[in-house]
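Below, each chain spelled out in residue letters.
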Amino acid sequence: MGIKIDESKCTGCGDCIKACPFDAMSMKDNLAIVDLTKCTLCGICVKACSFDAILIEREKKVKKTDLENYKGVMIFCEQKKGEIQSISYELLGKGRELADKLHQEVVGVLLGKNIVSKAQELIKRGADKVYVVDAPELEYYKNESYTNVLVDIIKEY
């Protein structure tokens, strides 16, 4: 999984730079380059490139699963630079309302780097438990890597 620039197709037009909402694209020697610390693999640059010079490689999709075996209300808790974002607390509140109606527990999921200590904040705000994945490669949000971790957590728990 990742993003690649096909140097044989890139013309240096700059359309990808204009299109990127995360300021992850720049130009060097008339070729597009991607700042992987900013890129979220959203794919907007791919659509903006008229020359098909930008490729996002994704892992193959997994088969559908029987959802009747799933229990609980799981909330993805967003963090930026190690600080839990306020939307996470709002979602935990709504998750608590839903879980109470369903007689289920609320589970927070927190991904990032050096964030284990933040789990207690989520417990205080309504989570019954928190699954934390603390890894250097999760320091910056990337669609593909975050999705893969979330899928694994959902399948396991």
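We now turn to the structure provided with this report. Being a predicted model, the structure only gives us computed values, none of them experimental. Residue numbers run consecutively from 1 along every chain, following the written order of its sequence. Local features in a predicted model are, by the rule used here, given only for residues with pLDDT of at least 70; side-chain atom pairs are given and counted only at 80 or more, and totals for whole chains, interfaces and linings are based on all residues. With hydrogens and water set aside, each side-chain value is computed from the structure's full complement of heavy atoms.

Think of a salt bridge as a Lys or Arg side-chain nitrogen and an Asp or Glu carboxyl oxygen that are within 4 Å of each other. Counting across every chain of the model gives eleven salt bridges. Between K38 and D23 there is a salt bridge whose closest N-O contact spans 3.7 Å. Residue K38 is found in the loop between β3 (31-34) and α2 (44-48), and its partner D23 is found in the loop between α1 (15-19) and β2 (25-28); the two are separated by 15 residues along the sequence. Only protein chains enter the accessibility calculation, which uses a 1.4 Å probe; a residue whose area is less than 20% of its type maximum is buried, one above 50% is exposed, and one in between is partly exposed. By relative accessible area, which is 36% here, K38 ends up partly exposed. Given a relative accessible area of 53%, D23 falls into the exposed group. Close ionic contact of R96 with D128 constitutes a salt bridge, the shortest N to O distance being 2.8 Å. Remark: D128 occurs in the loop between α4 (119-124) and β9 (129-134) and R96 occurs in helix α3 (residues 86-102); sequence separation between them is 32 residues. One network of salt bridges, with partners in common, ties together E83, K118 and E121. Numbering of helices and strands runs from the N terminus; a helix is a DSSP stretch of H or I covering at least four residues, while a strand is a stretch of E covering at least two.

For this analysis, a ring pair means two rings from Phe, Tyr or Trp (six-membered ring only for Trp) whose centres lie within 6.5 Å, classed as stacked if their planes differ by under 30 degrees, edge-to-face if by over 60, and tilted for the remaining angles. For the coordinates displayed, the defined rule picks out three aromatic pairs. Plain terms: the ring middles of Y131 and Y157 are 4.0 Å apart, the flat faces sit at 20 degrees to each other, and that makes the pair stacked. Taken together, the residues Y131 in strand β9 and Y157 in the segment after α5 (143-156) connect sequence positions 26 residues apart. Relative to Y146, the ring of Y141 has its centre 4.8 Å away and its plane inclined at 65 degrees; by these criteria the two rings are edge-to-face. Exposure remark for Y146: the relative accessible area of 3% places this residue in the buried category. Following the ring pairs from residue to residue traces out a cluster consisting of F76, Y141 and Y146.

This part covers α5. One fewer than the residue count of a helix, multiplied by 1.5 Å, yields its expected span. The end-to-end C-alpha separation of α5 is 20 Å, in line with the 20 Å expected for 14 residues at 1.5 Å each. Of all the residues in α5, the buried ones are E144, S145, Y146, V149 and I153. Any two residues whose heavy atoms approach within 4.5 Å at even a single point are treated as in contact. Check the buried side of α5 and you find it contacts β5 (73-77), β6 (79-80), β8 (106-112) and β9.

Another point: the pairing of β9. DSSP bridges decide pairing: two strands pair if at least two such bridges lie between them. With six bridges connecting them, β8 and β9 associate as parallel partners. Paired with G112 across the bridge in β9 is D134. A clockwise path from the first strand over the helix to the second, with the strands pointing away from the viewer, defines a right-handed crossover. As for the winding sense of the linkage, the β-α-β connection from β8 through α4 to β9 is right-handed.

With respect to topology, three strands assemble into an open sheet ordered β5-β8-β9, the strand pairing being parallel. In this open sheet, the two strands that pair with only one neighbour each are β5 and β9. The average angle at which neighbouring strand axes cross in this sheet is 20 degrees, direction not considered. Helix axes use the C-alpha atoms of the stretch in contact, all axes being lines fitted to C-alpha atoms, and the angles between their N-to-C directions lie in the range 0 to 180 degrees. Contacting β5 and β8, α3 crosses the sheet at an angle of about 180 degrees to β5. In the packing of α5 onto the sheet, the strands contacted are β5, β8 and β9, and the crossing angle to β8 comes to about 145 degrees.

These values are about where atoms sit, not about what they do.
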